[in-house]
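For reference, the chains in residue letters:
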Amino acid sequence: MSSLALYRRYRPESFAEVIGQEHVTDPLQQALRNNRVNHAYLFSGPRGCGKTTSARILARCLNCEQGPTPTPCGECQSCRDLARNGPGSIDVIEIDAASHGGVDDARDLREKAFFGPASSRYKIYIIDEAHMVTSAGFNALLKVVEEPPEHLKFIFATTEPEKVIGTIRSRTHHYPFRLVPPGTLREYLAEVCGKENSYVEDGVLPLVVRAGAGSVRDSMSVMDQLLAGAGDDGVTYAMATSLLGYTDGSLLDSIVDAFAAGDGAAAFEVVDRVIEGGNDPRRFVADLLERLRDLVILAAVPDAGEKGLIDAPADVVERMQAQASVFGAAELSRAADLVNEGLTEMRGATSPRLQVELICARVLLPAAFDDERSLQARLDRLERGASFATAGTGPAMGYVPGPEALAHAPVPVAPAVQPGAGPAAARAAVRGEAPAPAAPPAPAAAPPAPAQPVAPVVSAAPQPPAEAPAPAGGQRPGAWPTAAAPEPGRRPGGWPTASAPGQSPVPQAASAAAPAQAAPAAPVPAAEPSAGMTQGAGQVRNMWPDILEAVKNRRRFTWILLSQNAQVTGFDGTTLQIGFLNAGARDNFTSSGSEDVLRQALAERFNAQWKIEAIVDPSGGAGAPPQTGGGRPSAVAPAPQRPAPAPQQGYEPRSAPAPHQQPSAAPAAEPAAQSYSAPEPPRSVAPEDDTPEADDPDLVDSALSGHDLIVRELGATVVEEFTNE
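Residues numbered from 1 in each chain as written. Predicted model: local features only at pLDDT ≥ 70, side-chain atom pairs only at ≥ 80, totals over all residues. Heavy atoms only, no water.

### Here's the deal with the overall build of the chain
Consideration 1: The helix and strand inventory of the chain stands at 28 helices and 8 strands.
Consideration 2: Scored against the burial criterion, the 725 residues of the chain give a buried share of 40%.
Consideration 3: By sequence separation, contacts in the chain at least 24 residues apart represent 76% of the contacts at least 6 residues apart.
Consideration 4: Carbon and sulfur atoms provide 53% of the accessible area of the chain, an area that totals close to 38,000 Å². (Helix = DSSP H or I, 4+ residues; strand = E, 2+ residues; numbered from the N terminus. Buried < 20%, exposed > 50% of the residue type's maximum accessible area, 1.4 Å probe, protein only. Contact = heavy atoms within 4.5 Å. Areas by Shrake-Rupley, 256 points an atom, 1.4 Å probe, with all protein chains shown as cover.)

This is the structure we're talking about:
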């Protein structure tokens, strides 16, 4: 076995043997066939891609006795001298410009260049690393390169062609070399290993190609190193990973599976194995990013392995296909982005292990972030089954059905979810564990009886509104009666749960058992929305507290207007219908820019591009169907009829004749099964909710006041200012 380096033993001797550079070799061969050879060439490209080798082949083609020819004969004296292991030719001079790039070296070359060749057709100068020639040296060569003798040819080879001065570059034919594609390089390495009679496992060649980064010489050097240290069983995958410093595939499989299952313990255990095993943390993160890149491609192109988009053995591709099927597209994209950002942050980090653990924590906790990528990742987890454990057939909370779902699905009546059961069930579903048996839900209220006929309306003015039931415990003043207060223990960006921790929905059994009588009068009900709009409204009402919070962070005026006067009345998947108590509130909403504020809050917080439709709904959403397990405590059923109290301060109904009252036909012993609800009075905002916070975006320290504001906004001119004492 020869001790010559592998890349020297298999150096190409003709253009046909050069791999991956057909865009250069084909035009050169055609120029040789046409006998249109230029006097100077410039070969540029990355290291190890064949620049100097192609220059030697071109010199061999030019000085062949049968040439100029694109295929040297290999038998003449010039071809034998310029062969792979030949002694070299006196008429082909190679100069290393890194050590001979001064002006004195250029003058010496210029003086010798005018002498004719000793035994060949041309005298050829191959100047390697041409970018190292100084400006003075290039200027000294300028005249001879511009107008050389007939027997003189120049071939410049460089990795940085921009450093070659323009006057030289413009007098040459420039051929840019490129990195060799991985597939071509892998086939070439397999051919070399076959010639060397060495066994190499399937997973080794992709590692060698990756280490070579497209450079043939670098890849051949790595392959030579592996072959030199191979045992009787050849080059194994374990040997290649340990010698080249790559992460073992089993570690990558383990941490990807941990990400898919949301198992933090398994993920941090893999990190510990990487550190304790002496692996480079940065290399591990780079390999993890490469694996996530393969998973992203497999998720988009299932047959990426057959198309050559992924360079891996068949068994590894099959395993990655199974991993990609577990993730959603947004989850994979988010994980790859986070790993890429973490890899950038690891440069110069004093604690690489801490950086790796932080990367894993960010990938495992999409609910800790409220950006668009994290929201889409949580939606992916919900869609693949890691949703809240609900026994009903309706969609999970937080899911807004589209128009096609609303068109066919009946309105579901989902049972109430137990407090805190949603997150626990989701974590159990991600880990593949069986969820704990849920406690039996509270008994539901008695089904409503058929509505009693309403007497003809004689007058249009409603009676003073009946006293509204007290808000449920924990409900903030000013909120809509059916809206649940934001959970105090919920972290920012988390999905709304069924109820606040430690609270339970208001039981309705007692209220159902209590006798209820019909109200003395009821206003004319608003037009009922369609079934699809009604079902969509029930889903959006579950998210209404979060929507109000997002609006509050943008503009308090819009938040007060929506929390006091508006309620969701319909949603069909694309249009959100908001009902206001009166036309004045509706007009104020549309004319004050609040509609744009609500739309921007929906787009930023929930990534929803919905149309907003503002209507007048005097019923205040009272005619909407009861909500089904959406995480909001239901209002307590009204108590038996009692004299209506005086109207509240600040709310004066318009003067109109009182409607005619008709006594109930049901006997006193039989309680009525349904009561007509009166319009809800506007609620006042608590002082603590109306007080601006320190981080309120509406508070601007640079805001103008006084006459400066009047001058800027109204164009006024201050004539004189009086000071009141």
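### Brief notes about the packing of aromatic side chains
For any pair of aromatic rings, geometry is given as the distance between the ring centres together with the angle between the planes.
Consideration 1: If you walk through the whole model with that rule in mind, you get 8 aromatic pairs.
Consideration 2: Seen from their ring centres, Tyr 41 and Tyr 175 are 6.0 Å apart, and the 35 degrees between their planes marks the pair as tilted. Residue Tyr 41 is located in strand β1 (residues 40-44), and its partner Tyr 175 is located in strand β5 (residues 173-176); the two are separated by 134 residues in the primary sequence. A single burial state applies to Tyr 41 and to Tyr 175, both of which are buried. (Phe/Tyr/Trp six-rings, centres within 6.5 Å; stacked < 30°, edge-to-face > 60°.)

### So, the layout of surface pockets
Consideration 1: Size it by volume and the second largest pocket reaches roughly 870 Å³.
Consideration 2: Lining of the second largest pocket is provided by 40 residues; of these, Pro 206, Leu 207, Asp 311, Ala 312 and Pro 313 occupy positions nearest its centre.
Consideration 3: For the lining of the second largest pocket, the secondary structure elements donating two or more residues are α8 (182-195), α9 (204-212), α12 (249-261), α14 (281-300) and α16 (314-326).
Consideration 4: Taken together, the residues that form the lining of the second largest pocket break down as 20 nonpolar, 8 polar and 12 charged. (1 Å grid on protein atoms, 1.4 Å probe; cavity = no way out; pocket = protein on both sides within 12 Å on 5 of 7 lines; lining within 4 Å. Points joined across faces, edges and corners; volume = space filled by probe spheres on them. Nonpolar A, V, L, I, M, F, W, Y, C, P; charged D, E, K, R; others polar.)

### Re helix α17 (residues 329-345)
An α-helical turn contains 3.6 residues, so any two residues separated by three or four positions project in the same direction.
Consideration 1: Here α17 spans 25 Å end to end across 17 residues, near enough to the 24 Å set by a 1.5 Å rise per residue.
Consideration 2: Taken residue by residue, α17 has Ala 330, Glu 331, Leu 332, Arg 334, Ala 335, Ala 336, Leu 338, Val 339, Gly 342 and Leu 343 as its buried positions. (Expected span 1.5 Å × (residues − 1).)

### A look at the sheet that holds β5
Consideration 1: Read from one edge of the open sheet, 5 strands run β2-β3-β4-β1-β5, paired in parallel fashion. Looking at strand neighbours, the two that pair on one side only are β2 (92-96) and β5, the edges of this open sheet. Within the sheet, the average angular offset between the axes of one strand and its neighbour, ignoring direction, is 15 degrees.
Consideration 2: With 5 bridges connecting them, β1 and strand β4 (residues 152-158) associate as parallel partners. Within β4, the position partnered with Tyr 41 by the bridge is Ile 155. (Pairing = 2+ DSSP bridges. Axes fitted to C-alpha atoms, helices over the stretch in contact; angles between N-to-C directions.)

### Thoughts on the packing of α12 against helix α13 (residues 264-276)
Consideration 1: For the pair α12 and α13, interaxial distance at closest approach is 8 Å and the crossing angle is 155 degrees. When the axis of α12 is compared with that of α13, the two are roughly antiparallel. Every pair of crossing elements has a handedness; the one defined by α12 and α13 is left-handed. Between α12 and α13, the contacting residues are Leu 251, Ser 254, Ile 255, Ala 258 and Phe 259 on the first element and Ala 266, Ala 267, Val 270, Arg 273 and Val 274 on the second.
Consideration 2: Classifying every residue of the contact of α12 with α13 by side-chain character gives 8 nonpolar, 1 polar and 1 charged. (Parallel < 35°, antiparallel > 145°, perpendicular 65-115°, else oblique. Left-handed = near helix turned anticlockwise from the far one by under 90°.)

### Comments concerning the pattern of salt bridges
Where charged atoms of side chains with opposite charge meet at close range, the side chains can pair.
Consideration 1: Scanning the model with the defined rule gives 21 salt bridges in all.
Consideration 2: Put simply, Arg 84 and Glu 17 hold a salt bridge, and the shortest N to O gap is 3.8 Å. Separated by 67 residues along the polypeptide, Arg 84 in the loop between α4 (77-81) and β2 and Glu 17 in the loop between α1 (6-9) and α2 (22-34) bring together distant segments of the chain.
Consideration 3: Given the relative accessible area of 32%, Arg 84 is considered partly exposed.
Consideration 4: Glu 17 gets classed as partly exposed once you look at its relative accessible area, which sits at 37%. (Salt bridge = Lys/Arg side-chain N within 4 Å of Asp/Glu carboxyl O.)

### What about the environment of Leu 576?
Consideration 1: Note that Leu 576 resides in strand β7 (residues 575-580).
Consideration 2: The exposure class of Leu 576 is buried, given its relative accessible area of 0%.
Consideration 3: For the pair Leu 576 and Ala 537, spaced 39 residues apart in the sequence, the C-alpha separation amounts to 8.0 Å.

### Looking at α9
Consideration 1: The element α9 is largely enclosed, with a buried count of 7 among its 9 residues.
Consideration 2: Those residues of α9 that fall on the buried side of the exposure criterion are Val 204, Leu 205, Pro 206, Leu 207, Val 208, Val 209 and Gly 212.
Consideration 3: Looking at the buried side of α9, the elements it contacts are α8, α10 (216-228) and α11 (237-244).
Consideration 4: Positive phi shows up at Ala 213, right after α9, with a value of about 55 degrees.

### A closer look at the confidence of the model for the chain
Consideration 1: When pLDDT is averaged along the chain, the result is 73, and 63% of the positions lie at 70 or above.
Consideration 2: Contacts for the low-pLDDT stretch residues 386-528, under 50 throughout, to residues beyond four places or in other chains number 228 contacts.
Consideration 3: Every residue in residues 623-679 is under pLDDT 50, and counting partners more than four places away or in other chains gives 97 contacts. (pLDDT = per-residue confidence, 0-100.)

### Structural notes on the pairing of strand β3 (residues 123-128)
Consideration 1: A large share of β3 lies buried, amounting to 5 of its 6 residues.
Consideration 2: Handedness of the crossover joining β2 and β3 through helix α5 (residues 103-113): right-handed.
Consideration 3: Taken together, the 6 bridges between β3 and β4 define a ladder with parallel strand orientation. Across the sheet, the residue bridging to Tyr 125 is Phe 154, located in β4. (Right-handed = clockwise from strand over helix to strand, strands pointing away.)

### Describing the packing of α9 against α11
Consideration 1: Their axes nearest at 9 Å, the elements α9 and α11 cross at an angle of 20 degrees. By the angle between their directions, the pair α9 and α11 is classed as roughly parallel. Between α9 and α11 lies a crossing of left-handed hand. The segment α9 lies against α11, with Val 204, Leu 207 and Ala 211 engaging Tyr 237, Ala 240, Thr 241 and Leu 244.
Consideration 2: The residue makeup of the contact of α9 with α11, split by class, is 6 nonpolar, 1 polar and no charged.

### A few points about the environment of Cys 76
Consideration 1: Within the secondary structure, Cys 76 sits in the loop between α3 (51-63) and α4.
Consideration 2: Distance in space between the C-alpha atoms of Cys 76 and Gln 66 is 8.6 Å, their sequence separation being 10 residues.
Consideration 3: Once you skip the residues sitting within four places of it in the chain, Cys 76 turns out to touch Cys 64 and Glu 65.

### Digging into the nonpolar core
Soluble globular proteins tend to bury their nonpolar side chains together.
Consideration 1: In this structure, Ile 255, Phe 259, Phe 284, Val 285, Leu 288, Leu 292 and Val 339 are the most contacted members of the largest nonpolar core, which totals 38 residues.
Consideration 2: Elements supplying a minimum of two residues to this core: α12, α13, α14, α16, α17 and α18 (352-364).
Consideration 3: Looking at this core element by element, the count peaks at 8 residues for α14.
Consideration 4: What Leu 288 contacts, discounting residues up to four positions off in sequence, is Leu 252, Ile 255, Val 256, Phe 259 and Val 339. (Core = buried A, V, L, I, M, F, W, Y, C linked by side-chain atoms within 4.5 Å.)

### Focus: the sheet that holds strand β8 (residues 611-616)
Sheet strands line up and pair through hydrogen bonds in the backbone, either parallel or antiparallel.
Consideration 1: Read from one edge to the other, the open sheet built from 3 strands follows the order β6-β7-β8, with strand pairing classed as mixed. The open sheet terminates on both sides in strands that have one partner only, identified here as β6 (566-571) and β8. Strand-to-strand twist of the sheet, defined as the mean angle between neighbouring strand axes without regard to direction, takes the value 30 degrees.
Consideration 2: Here β7 pairs with β8 via 6 bridges, running parallel. Opposite Thr 575, over in β8, you have Lys 611 as the bridge partner.
Consideration 3: Against the sheet, helix α24 (residues 556-565) engages β6 and β7, with an angle of about 70 degrees to β7.

### Overview of the pairing of β6
Consideration 1: Among the 6 residues of β6, 6 are classified as buried, and the element is accordingly described as predominantly covered.
Consideration 2: One ladder, built from 5 bridges, connects β6 with β7; its direction is antiparallel. Its bridge partner being in β7, Gln 567 is matched across the sheet by Gly 579.
Consideration 3: The loop that links β6 with its antiparallel partner β7 comprises 3 residues; one of these, Gly 573, has a positive phi angle of about 100 degrees.

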